[in-house]
Amino acid sequence: MTIHLILNETDSDLIYWRNFLPPRTFGKYVCRILEAERNGQIADIPVPENLETEKGYLDLKFVINEKDLINFIESIPNWKRGTLIKSIIRKHIYENYVRKNQKYKVKVVRKVKK
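Every chain is numbered independently, its residues counted from 1 as its sequence is written. Confidence filtering applies because this is a predicted model: local features only for residues at pLDDT of at least 70, side-chain atom pairs given and counted only at 80 or more, and all residues used for totals across whole chains, interfaces and linings. In computing side-chain properties, one takes all heavy atoms of the structure into account and sets aside hydrogens as well as water.

### Examining helix H1 (residues 12-20)
Moving on, step 1. Of the residues making up H1, those classed as buried are Ser 12, Leu 14, Ile 15, Tyr 16 and Trp 17.
Moving on, step 2. The contact criterion used throughout is that any non-hydrogen atoms of two residues lie within 4.5 Å. Under the DSSP-based scheme used, a helix requires at least four consecutive residues in state H or I and a strand at least two consecutive residues in state E, with every element numbered from the N terminus. In this fold, the buried residues of H1 make contact with strand E1 (2-7), helix H2 (26-38), strand E2 (58-63) and helix H4 (81-101). Only protein chains enter the accessibility calculation, which uses a 1.4 Å probe. A residue is then buried if its area is under 20% of the maximum for its type, exposed if over 50%, and partly exposed in between.

### With respect to the side chain of His 92
Moving on, step 1. Mapped onto the elements of the fold, His 92 is located in helix H4.
Moving on, step 2. Residue His 92 is classed as buried on the basis of its relative accessible area, which comes to 0%.
Moving on, step 3. Here Glu 37 takes part through its side chain, which lies 2.8 Å from a polar atom of the side chain of His 92.
Moving on, step 4. Residue contacts for His 92: discarding those within four places in its chain leaves Ile 33, Ala 36, Glu 37, Gln 41, Ile 42, Ala 43 and Ile 45. Here a polar contact is taken to be a pair of N or O atoms separated by no more than 3.5 Å, where protein atoms must pair a possible hydrogen donor with a possible acceptor and residues adjacent in sequence count only if both atoms sit in side chains.

### Some remarks on the nonpolar core
Moving on, step 1. Grouped together as the largest cluster of nonpolar side chains are 29 residues, with contacts concentrated most on Trp 17, Phe 26, Leu 34, Ile 64 and Ile 89.
Moving on, step 2. Going through the elements one at a time, E1, H1, H2, E2, helix H3 (67-74) and H4 are the ones with two or more residues in this core.
Moving on, step 3. Trp 17 has contacts with Phe 26, Tyr 29, Val 30, Ile 33, Ile 45, Pro 46, Val 47, Pro 48, Ile 89 and Ile 93, leaving out every residue within four places of it along the chain. Remark: nonpolar core denotes a set of buried residues (Ala, Val, Leu, Ile, Met, Phe, Trp, Tyr, Cys) joined through side-chain atoms within 4.5 Å.

### A closer look at the packing of H2 against H3
Moving on, step 1. Note on geometry: axes are lines fitted to C-alpha atoms, helical ones only across the stretch in contact, with angles between N-to-C directions running from 0 to 180 degrees. With their axes 10 Å apart at the nearest point, H2 and H3 run at an angle of 75° to one another. With respect to H3, the axis of H2 lies roughly perpendicular. The segment H2 lies against H3, with Cys 31, Leu 34, Glu 35, Glu 37 and Arg 38 engaging Asp 68, Leu 69, Phe 72 and Ile 73.
Moving on, step 2. Ten residue types, Ala, Val, Leu, Ile, Met, Phe, Trp, Tyr, Cys and Pro, are classed as nonpolar, four, Asp, Glu, Lys and Arg, as charged, and the remainder, Gly among them, as polar. Tallied by class, the residues present in the contact of H2 with H3 amount to five nonpolar, no polar and four charged. Each angle is binned into one of four classes, with values under 35 degrees roughly parallel, values over 145 roughly antiparallel, values of 65 to 115 roughly perpendicular, and all other values oblique.

### Considerations on the environment of Leu 34
Moving on, step 1. Looking at the secondary structure, you find Leu 34 in helix H2.
Moving on, step 2. The exposure class of Leu 34 is buried, given its relative accessible area of 0%.
Moving on, step 3. On a C-alpha basis, the gap between Leu 34 and His 92 in space is 9.4 Å, while along the polypeptide they are 58 residues apart.
Moving on, step 4. For Leu 34, the contacting residues outside a window of four places in its chain are Ile 64, Leu 69, Phe 72, Ile 73, Ile 85 and Ile 88.

### Considering the packing of H2 against H4
Moving on, step 1. Contact geometry of H2 with H4 gives a least axis separation of 10 Å together with a crossing angle of 90°. Viewed along their axes, H2 and H4 adopt a mutual orientation that is roughly perpendicular. Touching Phe 26, Val 30, Ile 33, Leu 34, Ala 36 and Glu 37 of H2 are Ile 85, Ile 88, Ile 89, Lys 91 and His 92, all from H4.
Moving on, step 2. When the residues that make up the contact of H2 with H4 are grouped by side-chain class, the tally is eight nonpolar, one polar and two charged.

Given below as structure tokens:
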């Protein structure tokens, strides 16, 4: 199954993320995201240090070969497939960004013997 996504000025966050990724890996990471979403998980994907935007227009195509993933995609109505895939990608980017930049505060508690 071939997925066709058009990223335009309203998708400047996704354009920035796509350009952050190594060349020719966008499809691989989107498939990883969709597989995790299908399983109710968050995909482990690379994200930049900062969530930024980049204006532009990208016409992207990638192939999905896994049957279960194809069934998941086909369960989304055609008329909202692109929009829903973009929102799923955003969700996974944001969750990974939060994980990456989360500051852990460790509280040390000492027991004092009396």
